[in-house]
Each structure stands twice: as structure tokens, then as C-alpha cells.
Amino acid sequence: MTLTQQIITIGLVALGTMATRFLPFLLFPADKPTPPVVQYLGRVLPGAVFGLLVVYCLKNVSLLSGSHGIPEAIAIAAVVTLHLWKRQTLLSIAGGTILYMVLVQCVF
């Protein structure tokens, strides 16, 4: 890329980032109520995203070869246990990810 192309690319990326940061505040000002469809999406999308991530992460697990899905099952159990115990999503995700990586790299 030439210097001009790099400057244009950086400018467009910065503009896109600013637009996605400022647009919600322009569309949904604080003095107006949030539309019901946005409230609904705020309730259902987090669970849908986590469901999608679980399916994506487990799609290539083979129960008939390799480690037979044991590290994945242990990590899922750890995530569920951590979440039920502490109710902190980031702690649950980080704990399960770290445990899974340790299991895959050192145990299985």
C-alpha cells in the first residue's frame, strides 16, 4: 500500500469506529424511551450469542477419536460451575478457557 492508501484506510477505519460508537446515542437519545424491539433484542441476544459460541466451539469435537471430547466436557463443567458459583460471565469464560488450554496443552 502506498502512503496515501494507508492514510485513507486509517481515516476510514477511524470514521467507521466513531460512527458505530456515536450512532446509538444519536438514534436513541436519553430523553426518549428505548423502542420495545431494541429492549427485546437486549434481552435475547446475549443468550443467543452464547448458544452460537457453544455450537461453534463443539462442532468439530469427535467422540470417537482423539481425546473423545473429555477436555471440552471438563471445561464446560468448569464454566457452568464457575458461573453458578460466582455469577460473573467474564470469570466463567476466562476460567473455562484457561482450564481447556491447560488440559489440551499439558494433559491430553
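Since the model is a prediction, treat every value here as computed from it, not as a measurement.

Calculation rules
- Residues numbered from 1 in each chain as written.
- Predicted model: local features only at pLDDT ≥ 70, side-chain atom pairs only at ≥ 80, totals over all residues.
- Heavy atoms only, no water.
- Helix = DSSP H or I, 4+ residues; strand = E, 2+ residues; numbered from the N terminus.
- Rg over C-alpha atoms; globule rule 2.2 N^0.38 Å.
- Buried < 20%, exposed > 50% of the residue type's maximum accessible area, 1.4 Å probe, protein only.
- Contact = heavy atoms within 4.5 Å.
- UniProt positions renumbered as here; feature names shortened; annotations may be inferred.
- Expected span 1.5 Å × (residues − 1).
- Arc of directions from axis to C-beta.

What about the overall build of the protein chain?
For the protein chain, the helix and strand inventory stands at 4 helices and 0 strands. Helices and strands in the protein chain line up, N terminus first, as α-α-α-α. For the protein chain, the C-alpha radius of gyration of 21 Å lies well beyond 13 Å, the compact-globule estimate for 108 residues. With the C-alpha coordinates aligned to their principal axes, the bounding extent of the protein chain is approximately 50 × 45 × 25 Å. Residues classed as buried in the protein chain amount to 8% of the 108 residues present. Counted over contacts in the protein chain with a minimum sequence separation of 6, partners at least 24 positions apart contribute 39%.

Brief notes about the UniProt feature "transmembrane region" (unreviewed entry) in the protein chain
Per the UniProt record, "transmembrane region" (unreviewed entry) is annotated on residues 7-28 and 40-58. Taken end to end, residues 7-28 has its terminal C-alpha atoms 32 Å apart, with 95% of it in helix and 0% in strand. Regarding residues 40-58, the helix share stands at 100% and the strand share at 0%, and the terminal C-alpha atoms are separated by 28 Å.

Brief notes about helix α4 (residues 89-107)
Its 19 residues place the ends of α4 26 Å apart at the C-alpha level, agreeing with the 27 Å of an ideal helix rising 1.5 Å per residue. When α4 is considered as a whole, its buried residues turn out to be S92, G96 and L103. All buried residues of α4 project into a common sector of 30° when viewed along the axis, lining one side. Exposed and oriented more than 90 degrees from the buried face of α4 are L90, I98, Q105 and C106. Check the buried side of α4 and you find it contacts α3 (70-86).

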